[in-house]
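Listed below, chain by chain, are the residues.
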Amino acid sequence: MTPYGLTTEQRTEPLGLGEHHPRLSWKLGSDRRGAAQTAYRITATEDGSDRTIWDSGRRESPDTLLVAWDGPPLRSGTRYHWRVEVSDETGAPAGRAQTWFETGLLHPDEWSAVWIGRDPNRLPHFDPPTDEFLSTPGAAEAPLDLRRPFHLVEKPVRARLYATAHGVYEPRLNGGRVGDRELAPGWTEYHHRLQYQTYDVTEQLHQGDNELAAIVADGWWCGYVGFDARKPARHYGDARAFLAQLVVEFADGSRRVIATDENWTERPGAILAADLMMGQFVDARRTTGPSWPAVVLDTAIGPLVAEPDHPIRITDDLVPVRVSAREPGRFIVDFGQNLVGRICLTVRGATSGQRIMLRHAEVLTADGELYTDNLRRAAATDTYVSAGGPHEIFEPQFTFHGFRYAEVTGYPGELTEDDLIARVIHNDMPYTGRFECSDPTVNQLQSNIVWGQRGNFLAVPTDCPQRDERLGWLADAQVFAPTATRNADVSAFFARWLRDVVDGRDDGGAFRDVAPMLSVDREGAPAWGDAGVIIPWLLWRTYGDRRVLERCFDAMVGWVEHIRRHNPDLRWRNRTGNSFGDWLQVDAETPRDVLATAYFARSTAIVADAALVLGREREAAEYRALNHAIRAAFVESYVGDDGTVDGGTQTAYLLALEFDLLPPELIDAAVDHLAADVEKRGNRLTTGFVGVPLLCPVLADHGRTDLAYALLQQDEYPSWGYSIRHGATTIWERWDGWTEHGGFQSAAMNSFNHYSLGSVGNWLYGQVAGIDQTPGSVAYSELLLRPRPGGTLTWARAEQETARGRVACGWSITDDRLTVTVAVPPGSTALLELPTPEAGGATLRLSSGSYTFTTPC
């Protein structure tokens, strides 16, 4: 039995950790059935020393998750190596593994740097670009291009750069880029928390003259963000700034700090303008020019925190599948996949001053041109002015676009597939799940779900990556979060974002619709604000993250109390914010108060459960009683004696069934009403964002697996298959984003990369393949493996790297025989619901190990 996948604060070998008491985790692997950990021992040393500074001693425990450091206080800027040794089910030593983490600057007084930027009275002396997308006042001001030369008498043995910005920045050292982060420092509630990054720059320094530099562009700090006009006073500020501290250590133990201060200078750079939505303008001819002093903008460092999750990086490169010449110098490029990122373009043979423009789009019009109406104000245009070199590379680094297609204009000569690369950009969390089956369309659906997640998990869980919005909508995140946890390890990503959710609350305790709170300054709507309750609970159930639950609990209570205070009759009709309802439902209208009251009950039940986990029995009892009262009010107001639910929509029934709002004697009738609605529509759905994640699971849980599969494999409008049949490679925002009978939906709101309707992915893993956990399980400690064959599928399988280790479940049908294969990691047990011809099937209890079962269909 071998420990593997060691993490510190849910990351592998984090550099620049900010937690004073980090939590250590490991997974277990074994080929032996029944393998289990009964004890562990953790030891730790500091880098460069063999002396043990912490020895936990042998602890008789099966714990492998988030074991808190209780060794000596951690020191800043120090690398710690830790090792875990585990004992198996017999008590014998079984295996060991080790890893490291390194702390950042743990105390504010360790910062000697000050904020520097541009003297507002001394702007760069060059003409700004005049293109339409940069014509808005203030948008054409060039990024900061800051420099600081320094001399080292000898090569250091260790060097760390700690840096952040008001804006987005790229650090450079001696002409080379530092690190591989993109769009640092990311996006948070900047007035509450601004993340700094830590870089190991030891190998980039040398004896003699060195130069530290940075480019700082608008980013989320003062660029276009959201769908309102740019109003810096509503955002974070109108001045970009840089803060950095380079700590250099020498062989004799001495050290030197080079920090941002009045000794830095600024010079004109090649980037004349850069904006996340509008694009980037580069004039490669402008590589030199006179410099001038930077100025100190602020000596208070502000609310700095170490970056707590996986950074944004380039994670993939895609080459074009087709380049089509439209006219001399103008080409349409198809990358074959809707993605989020940017293009790296090779330019050959351009003359000095020749302008090349890249425009981006997700889809094409009927005549093969870019469809950009749905981008609204986002220009999504990158411009390059050539220096006239024989071989030039243009790759904008301070913008990102959602696109499958690009138009290249002004290109010299013939553009080929070898001249372009699409860089895929998102937060680089590990992708840990895989689902596949015998139906190519369902496999494409899973691919679309994953690509939608990749593209929209960029800094925050955004709603869309292409138009002038790109906000962290809470409902979109909470309906998709269970699916997200299947595909990737999103524990640190969501934990970090939840701090923005909590910090964005209004004075009355209401969560907002978006986080960070920008553009949408109002209390959260039902299902939107409830994300502040639902996602912390999901992280506890999926990853065993008690700390997130502890940090969010008071805010969770505050949200429920906000609703109760304004709705004493326990029907949520007042203070519902924008009350979106079942957003983008089709041919149905779920009553808003039915949906709202259902979510009031759901959030209250979660608060009661969370209170019990945290040992707060009084609150648990209070909110359990409140949940029962809300359920009674729901039945009294919205449920008929025949099991009908007001509105009669699919979503109304799904909410009542999934959130346990119906008396037991009415459940079967409600299921029948739900099924009848699906069937009368020719096995088509009507659900919007709120209802769609519940649709297939609820049907399958209540004996209508046949309908769940019919919906999954439907390819007529509205369905997942319809968009795929018409070329979708990501999940669309709307079921009718494009239809044969209506063409494009309104350009006012029509994203072709929007993960919400992809929340069916949770069901693909959980019931099509069969990986789930029992209601009382935490972090997959007790698996519920329940493959449910159906439809025209002949096989399906999935695997997940859970917090405890690898879980797999799959099935195949051959010659009227069903074969089921499963894998259970050490530390977990499993209940396997094996479908058999007999009523009820068979339930087997399994210990860890790999198993294969065969039964008649």
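None of the values given here were measured: they were computed from a predicted structure.

How each quantity is defined
Residues numbered from 1 in each chain as written. Predicted model: local features only at pLDDT ≥ 70, side-chain atom pairs only at ≥ 80, totals over all residues. Heavy atoms only, no water. Helix = DSSP H or I, 4+ residues; strand = E, 2+ residues; numbered from the N terminus. Rg over C-alpha atoms; globule rule 2.2 N^0.38 Å. Buried < 20%, exposed > 50% of the residue type's maximum accessible area, 1.4 Å probe, protein only. Contact = heavy atoms within 4.5 Å. Areas by Shrake-Rupley, 256 points an atom, 1.4 Å probe, with all protein chains shown as cover. Lys, Arg positive; Asp, Glu negative; His and termini not counted. Charge placed at Lys NZ, Arg CZ, Asp CG, Glu CD. Pairing = 2+ DSSP bridges. Axes fitted to C-alpha atoms, helices over the stretch in contact; angles between N-to-C directions. 1 Å grid on protein atoms, 1.4 Å probe; cavity = no way out; pocket = protein on both sides within 12 Å on 5 of 7 lines; lining within 4 Å. Points joined across faces, edges and corners; volume = space filled by probe spheres on them. Phe/Tyr/Trp six-rings, centres within 6.5 Å; stacked < 30°, edge-to-face > 60°. Lys NZ or Arg CZ within 6 Å of the ring centre and 35° of its normal. pLDDT = per-residue confidence, 0-100. Salt bridge = Lys/Arg side-chain N within 4 Å of Asp/Glu carboxyl O. Parallel < 35°, antiparallel > 145°, perpendicular 65-115°, else oblique. Left-handed = near helix turned anticlockwise from the far one by under 90°. Nonpolar A, V, L, I, M, F, W, Y, C, P; charged D, E, K, R; others polar. Expected span 1.5 Å × (residues − 1). Arc of directions from axis to C-beta.

> Quick question: what am I supposed to make of the overall build of the chain here?
Summing up its helical and strand segments, the chain has 14 helices and 46 strands in all. The C-alpha radius of gyration of the chain comes to 28 Å, within 12% of the 29 Å expected for a compact globule of 857 residues. Here the C-alpha coordinates of the chain stretch approximately 80 × 70 × 60 Å along the principal axes. By residue count, 62% of the 857 residues in the chain fall in the buried class. For the chain, restricting intrachain contacts to residue pairs at least 6 apart in sequence, the fraction spanning at least 24 positions comes to 73%. Of the accessible surface of the chain, which amounts to about 30300 Å², a share of 48% is contributed by carbon and sulfur atoms. The average position of the 83 basic charges and that of the 116 acidic charges among the side chains of the chain differ by 3 Å.

> What is the right way to read the sheet that holds strand 39 (residues 771-773) from this model?
Sheets are built from strands paired through backbone hydrogen bonds, the pairs being either parallel or antiparallel. Spatially, the 4 strands line up as an open sheet ordered 39-40-44-45, and their pairing is mixed. Of all strands in the sheet, those with a lone pairing partner are strand 39 and strand 45 (842-846), marking the two edges. Averaged over all adjacent pairs, the angle separating strand axes in this sheet is 25°, with direction ignored. Bridge count between strand 40 (residues 782-785) and strand 44 (residues 829-834): 4 bridges; the pairing is parallel. The residue of strand 44 that forms the bridge with Glu782 is Thr829.

> So what exactly am I meant to see when it comes to unusual backbone geometry here?
For residues other than glycine, phi is negative in most cases, and the peptide bonds are mostly trans. Put simply, Ala515 and Pro516 share a cis peptide bond, and its omega is -5°. With respect to the element layout, Pro516 can be found in the loop between helix 4 (491-503) and helix 5 (531-543). In this chain, Tyr717 is followed by Pro718 through a cis amide linkage whose omega measures -5°. Positionally, Pro718 belongs in the loop between helix 12 (705-712) and helix 13 (720-725). For Leu66, which is not a glycine, the phi torsion comes out positive at approximately 55°.

> Help me out: how do you make sense of the layout of surface pockets in this one?
As a volume, the largest pocket reaches approximately 1500 Å³. In terms of lining, the largest pocket is formed by 44 residues, of which the most central are Arg541, Arg602, Glu658, Asn762 and Asp772. Among the secondary structure elements, those contributing two or more residues to the lining of the largest pocket are helix 3 (474-487), helix 5, helix 7 (592-613), helix 8 (617-638), helix 9 (650-658), helix 11 (692-701), helix 14 (761-769) and strand 39. Considering each element in turn, the lining of the largest pocket owes the most residues, 7 residues, to helix 7.

> Can you walk me through the sheet that holds strand 3 (residues 23-29) in this structure?
Taken together, the 3 strands give an open sheet; going across it, the order is 1-3-6, and neighbouring strands pair in antiparallel fashion. Looking along the sheet, the strands with just one partner apiece sit at the ends: strand 1 (2-8) and strand 6 (67-68). One ladder, built from 2 bridges, connects strand 3 with strand 6; its direction is antiparallel. Pairing of Leu24 across the sheet is with Val67, part of strand 6.

> Just to check I follow, could you spell out helix 11 for this structure?
The α-helix winds at 3.6 residues per turn, so residues separated by three or four positions along the chain end up facing the same way. Of all 10 residues in helix 11, 9 are buried, a share of seventy percent or more. Listed in full, the buried residues belonging to helix 11 are Val692, Pro693, Leu694, Leu695, Cys696, Pro697, Val698, Leu699 and Ala700. Tucked into the core, helix 11 has its buried residues touching helix 3, helix 9, helix 10 (664-680), helix 12, helix 13 and helix 14.

> When you look at the packing of aromatic side chains in this model, what are you seeing that I'm missing?
With the rule as written, the count across this model stands at 40 aromatic pairs. For the ring pair Phe457 and Phe480, a centre distance of 6.4 Å and an interplane angle of 85° mean the geometry is edge-to-face. Within this pair, whereas Phe457 is found in strand 35 (residues 457-458), its partner Phe480 is found in helix 3, the two being separated by 23 residues in sequence. Aromatic ring contacts, followed pair by pair, group Phe457, Phe480, Phe493, Phe494, Trp497 and Tyr755 into a single cluster. Positioned above the aromatic ring of Trp100 is the side chain of Arg79, whose terminal nitrogen or guanidinium carbon lies 3.6 Å from the ring centre. Between Arg181 and the ring centre of Tyr199, over which it is positioned, the NZ or CZ distance is 5.1 Å.

> What exactly am I supposed to notice about the confidence of the model for the chain here?
Low-pLDDT portions of the prediction should not be read for the details of their coordinates. Per-residue confidence for the chain gives a mean pLDDT of 95, with 97% of residues at or over 70. Ignoring residues within four places in sequence, the model shows residues 132-138, a span with pLDDT below 50, making 13 contacts including any to other chains.

> Just to check I follow, could you spell out the pattern of salt bridges for this structure?
Should the charged atoms of two oppositely charged side chains come close, the side chains can pair. For the structure shown, the criterion picks out 85 salt bridges. When the shortest N-O distance is used, the salt bridge between Arg547 and Glu19 registers 3.3 Å. Residue Arg547 is located in helix 6 (residues 546-566), and its partner Glu19 is located in the loop between strand 2 (15-17) and strand 3; the two are separated by 528 residues in the primary sequence. Sharing partners across several salt bridges, the network here consists of Glu170, Arg172, Arg177, Glu182, Asp317, Arg342, Glu395 and Arg423.

> Can you walk me through the pairing of strand 5 (residues 52-55) in this structure?
Each regular strand displays side chains that alternate between the two surfaces of the sheet. Bridge count between strand 4 (residues 39-46) and strand 5: 3 bridges; the pairing is antiparallel. Note on strand 5: the bridge partner recorded for Ala44 is Trp54. Linking strand 4 to strand 5, which pair antiparallel, is a turn of 5 residues; within it Gly48 sits at a positive phi near 85°.

> Hey, could you run me through the packing of helix 3 against helix 4 in this one?
For any two helices packed against each other, one specifies the crossing angle of their axes together with the interaxial distance. Two elements in contact, helix 3 and helix 4, have axes separated by 13 Å at closest approach and are oriented at 160°. Relative to helix 4, the element helix 3 is oriented roughly antiparallel. As helix 3 runs across helix 4, the sense of the crossing is left-handed. Between helix 3, through Leu474, Ala477, Ala481 and Ala484, and helix 4, the contact on the second element is made entirely by Phe494, Trp497 and Val501. For the contact of helix 3 with helix 4, the residue count by class is 7 nonpolar, no polar and no charged.

> Even after reading the chapter, I still don't get helix 8, so can you show me in this structure?
In a regular helix each residue adds 1.5 Å, so 22 residues correspond to 32 Å; helix 8 covers 31 Å between its end C-alpha atoms and thus fits that length. Those residues of helix 8 that sit buried are Glu619, Ala620, Tyr623, Leu626, Asn627, Ile630, Ala633, Phe634 and Tyr638. Down the axis of helix 8, the smallest arc covering the buried residues is 150°, so these residues share one side. More than 90 degrees from the buried face of helix 8, the exposed residues found are Glu617, Arg618 and Glu636. Each element contacted by the buried residues of helix 8 is listed here: helix 6, helix 7 and helix 9.

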